[in-house]
Amino acid sequence: MALTVAKRSLAQISAAVGLSAPTLRKHYGPELADARSLLKGELAVMLLAKARDGSIGAMRRLEQLAAEDDEPAAAPAARKAADKLGKKAARDAAAQTAHEGTGWDGLVH
């Protein structure tokens, strides 16, 4: 599972564990497909245990994880795209479509 989470290819994983790729897929298909989700779940359980013991850092990280789950899936991608544009580039991009929905729509292309 750790090799899958580390974004290793199926060929790299099969070479590391000494099994062929078809054998890995046959016997460990679900683990290969869901490794990230399984690890995230295990980490959440460990964080919760630490938070119950009084760890402030674990509590903060659990709050972050909860906030990440509350965000819509498209929001992080849209936010990253907006962060990459500077002020001038954002103004230029907005100016390209400023005429849409106005009286200028048919005149400006």
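Residues numbered from 1 in each chain as written. Predicted model: local features only at pLDDT ≥ 70, side-chain atom pairs only at ≥ 80, totals over all residues. Heavy atoms only, no water.

Caption draft 1: Up close: the side chain of Ser14. Here Ser14 shows up in helix α2 (residues 10-17). Contacts of Ser14, omitting those with residues within four sequence positions, involve Leu19, Ser20, Ala21 and Leu24. (Helix = DSSP H or I, 4+ residues; strand = E, 2+ residues; numbered from the N terminus. Contact = heavy atoms within 4.5 Å.)

Caption draft 2: Structural context of the confidence of the model for the protein chain. In the predicted model, the protein chain carries a mean pLDDT of 79, and the fraction of residues at 70 or more is 79%. Averaged pLDDT values over the elements of the protein chain bottom out at 60 in helix α6 (residues 74-84) and peak at 88 in helix α4 (residues 35-52). (pLDDT = per-residue confidence, 0-100.)

Caption draft 3: Up close: helix α3 (residues 21-33). For α3, which comprises 13 residues, the first-to-last C-alpha distance of 14 Å sits more than 12% below the rise-based estimate of 18 Å (1.5 Å per residue). Along α3, the helix axis deviates most sharply at His27, where the bend reaches about 80°; the proline Pro30 sits within four residues downstream. (Expected span 1.5 Å × (residues − 1). Bend = angle between axes of the 7 residues up to and from the residue.)

Caption draft 4: Spotlight on a nonpolar patch on the surface. Residues Val17, Leu19 and Tyr28 make up a contiguous nonpolar surface patch of roughly 260 Å² in combined accessible area. Here Tyr28 lies in helix α3. Look at Tyr28 and you get partly exposed, because its relative accessible area is 41%. (Patch = residues over 30% accessible without salt bridge, like charges linked within 9 Å, V, L, I, M, F, W, Y side chains within 5 Å. Areas by Shrake-Rupley, 256 points an atom, 1.4 Å probe, with all protein chains shown as cover. Salt bridge = Lys/Arg side-chain N within 4 Å of Asp/Glu carboxyl O. Buried < 20%, exposed > 50% of the residue type's maximum accessible area, 1.4 Å probe, protein only.)

Caption draft 5: Structural view of the packing of α2 against α3. In the contact formed by α2 and α3, the axes pass within 11 Å of each other and the chain directions differ by 105°. In terms of their interaxial angle, α2 and α3 are classed as roughly perpendicular. Contacts from Leu10, Ile13, Ser14 and Val17 of α2 reach α3 at Ala21, Leu24, Arg25 and Leu32. Its residues placed into classes, the contact of α2 with α3 shows 6 nonpolar, 1 polar and 1 charged. (Axes fitted to C-alpha atoms, helices over the stretch in contact; angles between N-to-C directions. Parallel < 35°, antiparallel > 145°, perpendicular 65-115°, else oblique. Nonpolar A, V, L, I, M, F, W, Y, C, P; charged D, E, K, R; others polar.)

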